[in-house]
Amino acid sequence: MRTLGWIVLLSALCLPASSRARSGFSVSLFGGLSLTPPLPLRIVQEGEPDLQLQARWATESFQYPFYYDVRVGYSREKLGWELEMLHDKLVLKNLPPEVQLFRVSHGYNRITANQLWNPGPVLARFGLGVVIAHPENVVRGEPLPTGGFFGLDFYLSGVTAQIAAERCFFIVSGFFAAPEIKLTASWARVPVARGYADVPCLALHLLVGLGYDWAQ
């Protein structure tokens with residue numbers, strides 16, 4: 001599935017497309033998947049020795065809650081601005097004996113303000129923002145207590161940056177389809193019982209979406 005997705009994306013990026021650039025206000029919804037290499041994970045718990053490991057993550061993009069990306073933007077001539085939320089997941093696969101569960105599965109959510117360069121069908125995107133995380137974990141038999149914003153277990157956890165390339169195919173009456181390849185670099189600190197965990201994430205994303213452009 002993942003290999004097929006990369007083949008489809010790269011083929012789409014090479015197809016001829018309309019020379020029309022994005023203009024005016026636009027909204028779009030994307031789906032897709034992400035690929036995350038092993039990175040260091042550090043878990044600190046009061047009164048216990050720190051846990052450090054090279055974390056191997058699964059993203060489970062096609063399992064609920066699904067991977068998705070929402071954007072609202074405005075473009076004029078060759079420049080644009082955008083607000084984006086990318087809902088990703090991290091599930092720790094190589095659990096050490098001290099950790100019974102460790103996942104950020106209702107969102108390793110990246111919220112970014114983006115600058116767009118939009119000379120034609122290929123759109124470049126650069127963004128900076130924050131990570132809003134929804135962790136679920138059990139460390140040394142102690143589950144994470146309820147907390148976060150309004151007791152909903154969402155936490156302002158870290159920072160993120162992205163670069164991306166998108167190919168825009170206008171369909172009819174302002175509707176467009178777009179494949180995109182994206183690289184994100186993020187760092188987050190999420191709570192655990194009596195402590196915290198540092199969760200960096202470098203990810204390569206494959207996305208395909210639909211949107212609408214209110215051209216001026």
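Residues numbered from 1 in each chain as written. Predicted model: local features only at pLDDT ≥ 70, side-chain atom pairs only at ≥ 80, totals over all residues. Heavy atoms only, no water.

Draft legend 1. Structural view of the overall build of the chain. Within the chain one finds 1 helix and 14 strands. Burial statistics for the chain: of 216 residues in total, 49% are counted as buried. At a minimum sequence separation of 6, the contacts of the chain that also span at least 24 residues come to 69%. Carbon and sulfur atoms make up 68% of the accessible area of the chain, which totals about 10400 Å². (Helix = DSSP H or I, 4+ residues; strand = E, 2+ residues; numbered from the N terminus. Buried < 20%, exposed > 50% of the residue type's maximum accessible area, 1.4 Å probe, protein only. Contact = heavy atoms within 4.5 Å. Areas by Shrake-Rupley, 256 points an atom, 1.4 Å probe, with all protein chains shown as cover.)

Draft legend 2. A look at the pattern of salt bridges. Under the criterion given, the structure shown has 17 salt bridges. For Glu166, the salt bridge is made with Arg125, and the minimal N-O distance between the two is 3.1 Å. Of this pair, Glu166 sits in strand β11 (residues 155-167) while Arg125 is found in strand β8 (residues 122-133), placing the two residues 41 residues apart along the sequence. The same class applies to Glu166 as to Arg125, namely buried. Here Arg125 and Glu180 are joined by a salt bridge, their closest N and O atoms 2.3 Å apart. In this pair, Arg125 is assigned in strand β8 and Glu180 in strand β13 (residues 175-192), connecting sequence segments 55 residues apart. The exposure classification of Arg125 matches that of Glu180, with both residues buried. Ionic contacts of the salt-bridge type, sharing partners, join the residues Asp69, Arg71, Glu82, Glu84, Arg125, Glu166, Glu180 and Lys182 into one network. (Salt bridge = Lys/Arg side-chain N within 4 Å of Asp/Glu carboxyl O.)

Draft legend 3. Region of the structure containing the nonpolar core. Among the nonpolar cores identified, the biggest contains 22 residues, and Leu41, Ile43, Trp57, Phe102, Tyr108, Ala197 and Val199 are the most heavily contacted of them. Contributions of two or more residues to this core are made by β2 (39-45), β3 (51-55), β6 (79-92), β7 (99-117), β8, β13 and β14 (195-214). Once residues lying within four places of it in the same chain are set aside, the contact partners of Ile43 are Asp50, Leu51, Val99, Phe102, Val139, Val192, Tyr196 and Ala197. Within the second largest apolar cluster, 8 residues are counted, among which are Phe30, Tyr67, Phe176 and Leu207. (Core = buried A, V, L, I, M, F, W, Y, C linked by side-chain atoms within 4.5 Å.)

Draft legend 4. Inspection of the pairing of β14 at higher detail. Here 11 bridges tie strand β1 (residues 24-35) to β14, and the two strands are oriented antiparallel to one another. From the neighbouring strand, Leu33 faces β14, where its bridge partner is Leu206. Two elements, β2 and β14, share 4 bridges in a ladder whose sense is antiparallel. Its bridge partner lying in β14, Val44 is registered against Tyr196. One ladder, built from 18 bridges, connects β13 with β14; its direction is antiparallel. Bridge pairing in β14 links Ser186 to Cys201. Linking β13 to β14, which pair antiparallel, is a turn of 2 residues; within it Arg194 sits at a positive phi near 60 degrees. (Pairing = 2+ DSSP bridges.)

Draft legend 5. View of the side chain of His134. With respect to the helices and strands, the residue His134 is situated in the loop between β8 and β9 (136-139). For His134, a relative accessible area of 10% gives the class buried. Among residues more than four places away in sequence, those in contact with His134 are Arg103, Val104, Ser105, His106, Gly107, Leu152, Asp153 and Phe154.

Draft legend 6. The confidence of the model for the chain, seen in detail. Within the chain, residue pLDDT values average 90, and 90% of them lie at 70 or more. Note on residues 4-17: pLDDT is under 50 here. Beyond four places in sequence and across chains, it has 25 contacts. (pLDDT = per-residue confidence, 0-100.)

Draft legend 7. Broad picture of the environment of Leu101. Here Leu101 shows up in strand β7. According to the relative accessible area criterion, Leu101 is partly exposed, its value standing at 31%. With residues up to four places along the chain from it excluded, the contact list for Leu101 reads Leu95, Glu136, Asn137 and Val138.

Draft legend 8. Spatial organisation of the environment of Thr146. Summarising the element assignment, Thr146 is placed in the loop between β10 (142-143) and β11. Between the alpha carbons of Thr146 and Glu136 there is a distance of 9.7 Å; along the sequence they are 10 residues apart. When residues no more than four places from it in sequence are discounted, the contact partners of Thr146 are Gly151, Asp153 and Tyr155.

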